[in-house]
Every structure is written in structure tokens, then in C-alpha cells.
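Architecture at a glance
Spelled out from the first residue to the last, the chains are:
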Amino acid sequence: MHELSIALSIVEGAGEEAARRGGKVSVVHLRLGQLSGVVKDALLFSYDLACEGTLLEGSRLMIEEEPVVVFCPECAAERALASIQSFRCPVCGALTPDVVRGRELELVALELTYEQHAASATPATTD
Amino acid sequence: MNNTPHPPRLPRLIEVRKNVLKRNDLLARKLRDRFRAASVFVASLVSSPGAGKTAFLEKTLTALRAQCRVAALVGDLATDNDAARLARAEVPVRQITTGTVCHLEAEMVERALDGWNLDELDCLFIENVGNLVCPSSYDLGEEMRLVLMSVTEGEDKPLKYPTIFNTADVAIITKIDLAAAVEFDLKSARRNIQSVRPGMRVFELSAKTGEGMDEWLRLLQSRL
């Protein structure tokens, strides 16, 4: 299970961004391609562990799963695969190895909150 | 600016767009550049435990060493048994013990290369930890990724682990000498491989009897 090391990388990456911008991370948005090699449930499980004792403790991981999109040479069009067990165009049935999307493992966005009392002291506007 | 108290601030959504494995990917790219600059052909091997990576590699290294300068890095969780076996091929072999980590990462490869002069090599093999899941996410800077499956594992392995098959360049069906004994359906296996990775080259061979090794070695030599 490599999801824990992936989760640690997410926490590290999100922590760096949050430190740069000020504020506390409440939600981490992640895009997960079906061909990323990462299992969603295992990652969610690992995430809380990875957050423990860090600035991200208590934050939530929101995962948006991306289907695999291939380029079909017969249709000359991008097609989403119904299953990653079959790299066939769902329209014409042609086999195609040409993956356009679906390998993503991307930190997309963060939701940052600011404590009321700390707000005036947080130099969120400086860079 | 002014001294009026700030109202409570709403959560702010900020866009990041950062590849989680960026550090590994950058390092892998650096390695690939180094390998190319030194004209070293690098192939990595992935499979489940016991598929026959080490036996296959031992035969490949032995066959190649007369013609070119070849070396291997071997990943394993705890033991150096595989490195000891490969040392019989009388080529430079280094062990990467990953501890509890179930896959190799580019950083481990970089560290293992420390002190090796790449200009003195033509070909390097990297044997990953036996695992068909985790290695798929990590680029190691290799030129060719081989996925091995043995006939004893069943024809449906590609359908069970489509991601690793899809990220590989070549499939090797090993222990072909046992195919009849385990009623391995080669046609179905080939079909399953093509289903998850259309166009992938497939070799069937036995490291033990040598059957099918020549064809694989010819492909390798054409890339060196």
C-alpha cells in the first residue's frame, strides 16, 4: 500500500501552499485519475493518519475521480472509457492505447479559513 | 490601512494545481537525462512476488555481459537474496533495501547509483519490489518498463492489475515450460494484455529452459 506515502506528499504540498498564503487548511481538493495507480478509499484512510500532528490536522480530503479518456483513431475523437480493463472506444470498438487523461494525481485547490481574532494579525495580503 | 475590526473572513478557495508526485517525476526526468547523456539503456522490471524476475534477469545479464557492459539494481523489502543470486551473473549488482516501502522511487535509484560511472555502462536493469500495484505510480527514469507474469498466476492477471500493465512497454510471460501443466491459456492471456494495453509487445519464455529467450534478447540488442 503506497497510499500513505502519497498522502504524506499531499499533506506536505498542501502545507507548503498554506504556509505561503496564510490561513488554515479546511479542505484539500484532489483530482485522481483512474490510471493513477492510487486507490481512493485507501488514500482517504491514509490521509487522516498523514495529517496527524501537522497544520492540516482536522482537514478533509475531497477526491474528484477522473475517468480515463483515450483518443480513438477511428472516430478521431476523445472518448471516456467505461472500464480500464478494456481500452476500446465505447462508440466504434477500436482498440486504442492513446491515453489523453486519467493518470492525474493532482492537488487542485485548497480551502483556507482564518481565525476571527487572528485575522487582523495574519499577513495574508503580503507576499 | 484602517483600525476597524475585521469581519470574520469566509473560507477562501485557492487554486493550486500541483502534481502530487512532482518531486519524483522531476527526479526521474533528471535521471533519464543522465542515462541518455551517458548512452545507457535502462529497463525496469515489475511483477508480483515469485513471477520470476530474478531468474529472468540472471539469464538476461549472463547473455548480455559478453557483448556489453551491463549492471543491475535490485529492490527488495528486506533481504539481499536476489542481489546475491544476480551476482552469479558476474556483473555489477547493487541492492536497494526499501524497508517497509512497497515500491522503488526515483530518489532510491539515484542514491543507489552513487559512485557508479554511467559512462562505463551500456545497459542497466532495475528490478522493482515484487508488487503489481504500487510501482505503477513512480517513474524511475527508465527507458523501458517490463511487466512480467508467470503462467502459474493465471491468464487474467492483466485484467486484475490494468494500471501496471498499462504503464508498461513490454510484457513477458514467464515459466512458459509450465504452461501445459497448469493449463495456461496463452491466447486468452494475450487477449487480456491487448485489452489493457493495445499494441504492447509480448514475449513468452522460460528462463529455466531458455525457450523464447533469444527473441527477447534480440529486441533488447536492437535497443542498445
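Notes on the structure follow. Keep in mind that what you see is a predicted model, and the values were worked out from it rather than measured. In this numbering scheme, every chain counts its residues from 1 along its sequence in written order. Chain A is the first chain written and ligand 1 is the first ligand written, with later ones labelled in order. Totals for whole chains, interfaces and linings use all residues, but because this is a predicted model, local features are given only for residues with pLDDT of at least 70 and pairs of side-chain atoms are given and counted only at 80 or more. Think of the side-chain values as coming from all heavy atoms in the structure, minus any hydrogens and water.

Regular strands show a simple pattern: their side chains alternate between the two faces of the sheet. Residue and element names in this part refer to chain B. A strand pair is defined by DSSP finding two or more bridges across the two strands. A run of DSSP states H or I qualifies as a helix once it reaches four residues; a run of E qualifies as a strand once it reaches two. Both are numbered from the N-terminal end. As judged from the 4 bridges shared by strand β7 (residues 170-174) and strand β8 (residues 201-204), these two strands associate in the parallel manner. In the sheet register, V170 faces β8, and the bridge partner there is R201. Note on handedness: a clockwise path from strand one over the helix to strand two, with the strands aimed away from the viewer, defines a right-handed crossover. Taking the sense of rotation as the criterion, the β-α-β connection linking β7, helix α7 (residues 186-196) and β8 turns out right-handed.

All names here are of chain B. Pairing in this open sheet of 7 strands is parallel, and the strands run β4-β3-β5-β2-β6-β7-β8 from one edge to the other. Each of the sheet's edge strands pairs with one partner strand only, and the pair in question is β4 (93-97) and β8. Pairs of neighbouring strands in the sheet enclose a mean axial angle of 20°, with direction left out of account. Where strand β3 (residues 70-76) lies against β4, 5 bridges are found, and the strand directions are parallel. Each residue of the ladder has a partner; that of L73, found in β4, is R94. The criterion used for residue contact is that any of the two residues' heavy atoms lie within 4.5 Å. An axis is simply a line fitted to the C-alpha atoms; with a helix, the fit covers only the stretch in contact. Between two such axes, the angle follows the N-to-C directions and lies from 0 to 180 degrees. Against the sheet, helix α2 (residues 53-64) touches β2 (41-46), β3, β5 (123-127), β6 (144-150) and β7, its axis set at about 170° to β5. Against the sheet, α7 makes contact with β6, β7 and β8, and its axis sits at roughly 155° relative to β8, the strand it touches most.

As a further point, take the pattern of salt bridges. Side chains that differ in charge, positive against negative, can pair when their charged atoms come close. Whenever a carboxyl oxygen of Asp or Glu lies within 4 Å of a side-chain nitrogen of Lys or Arg, that contact is scored as a salt bridge. Counting across every chain of the model gives 22 salt bridges over all chains. Its salt-bridge partner being R20(A), residue E17(A) comes within 3.2 Å of it at the nearest N-O pair. In this pair, E17(A) and R20(A) are both assigned in helix α1 (residues 3-21), 3 residues apart and thus about one turn of the helix distant. Classification of residues uses two cut-offs on accessible area relative to the type maximum, computed with a 1.4 Å probe and protein chains only: under 20% is buried, over 50% is exposed, and between them is partly exposed. Since its relative accessible area comes to 8%, E17(A) is described here as buried. A relative accessible area of 57% means that R20(A) is categorised as exposed. In this structure, E90(B) and R65(B) form a salt bridge, with 3.9 Å as the shortest nitrogen-oxygen distance. Of this pair, E90(B) sits in the loop between α3 (81-87) and β4 while R65(B) sits in the loop between α2 and β3; the two residues are 25 residues apart in sequence, bridging distant segments of the chain. For E90(B), a relative accessible area of 63% puts it in the exposed group. With a relative accessible area of 37%, R65(B) lands in the partly exposed category.

Residue and element names in this part refer to chain A. The length a helix should cover is 1.5 Å for every residue beyond the first. For helix α2 (residues 40-51), spanning 12 residues, the distance from its first C-alpha to its last is 16 Å, which sits close to the expected 16 Å at 1.5 Å a residue. Among all positions of α2, only A42, L43, S46, Y47, A50 and C51 are buried. The buried residues of α2 all sit within an arc of 150° when viewed along its axis, so they share a single face. The exposed residues of α2 that point more than 90 degrees off its buried face are D41 and F45. In this fold, the buried residues of α2 make contact with α1, β1 (24-33) and β2 (60-66). G53 sits one or two positions beyond α2 and adopts a positive phi of about 75°. Think of the arc as the fan of directions from the helix axis to the C-beta atoms.

Our next topic: the packing of aromatic side chains. Residue and element names in this part refer to chain B. We call Phe, Tyr and Trp rings a pair once their centres come within 6.5 Å, taking the six-membered ring for Trp, and we label the pair stacked below 30 degrees between planes, edge-to-face above 60, and tilted otherwise. Counting across every chain of the model gives 2 aromatic pairs over all chains. When the centroid spacing of 5.3 Å and the interplanar angle of 40° are considered together, the rings of F56 and W216 count as tilted. Remark: W216 occurs in helix α8 (residues 213-223) and F56 occurs in helix α2; sequence separation between them is 160 residues. Across this residue pair, the class does not change: F56 and W216 are buried. Both rings, one in F203 and one in W216, keep their centres 6.1 Å apart while their planes meet at 75°; by these two values the pair is edge-to-face. A residue pair is termed long-range when its members are at least 10 positions apart, and F203 in strand β8 and W216 in helix α8 qualify at 13 residues.

Residue and element names in this part refer to chain B. The geometry of α2 relative to α8 is characterised by a closest axis approach of 11 Å and an angle of 60° between their N-to-C directions. The angle between α2 and α8 falls in the class oblique. Relative to α8, α2 is oriented so that their crossing is right-handed. Taking contact as the criterion, the partners of F56, K59, T60, A63 and L64 in α2 are, on α8, M213, W216, L217, L220 and Q221. In this classification, the charged set is Asp, Glu, Lys and Arg, the nonpolar set is Ala, Val, Leu, Ile, Met, Phe, Trp, Tyr, Cys and Pro, and all remaining amino acids, among them Gly, are polar. Class assignment of the residues belonging to the contact of α2 with α8 gives a composition of 7 nonpolar, 2 polar and 1 charged. Here is the rule for angles: anything less than 35 degrees is roughly parallel, anything more than 145 is roughly antiparallel, 65 through 115 is roughly perpendicular, and the remaining ranges are oblique. Handedness of each helix crossing follows the sense of rotation of the near helix against the far helix: counterclockwise by less than a right angle gives left-handed, clockwise gives right-handed.

On to the interface of chain B and chain A, then. In many reports, interface size means the accessible area that the parts give up when they come together. Taken together, the contacts link 34 residues of chain B with 42 residues of chain A. Two parts placed together each lose some accessible area under a 1.4 Å probe, and adding up what both lose gives the buried area. Taking both sides of the interface into account, the surface hidden between chain B and chain A amounts to around 3,200 Å²; carbon and sulfur atoms contribute 56%. The tally of links from chain B across to chain A stands at 4 salt bridges. For the side of chain B that touches chain A, the elements supplying multiple residues, two or more each, are β1 (12-19), α6 (162-167) and α7 of chain B. Considering each element in turn, the side of chain B that touches chain A owes the most residues, 8 residues, to β1(B). Grouping the constituent residues of the side of chain B that touches chain A by class yields 16 nonpolar, 10 polar and 8 charged. Of the strand pairs in this sheet, strand β6 (residues 105-113) of chain A and β1(B) are connected by 6 bridges, and their pairing is antiparallel. Within β1(B), the residue paired with A109(A) across the bridge is E15(B).

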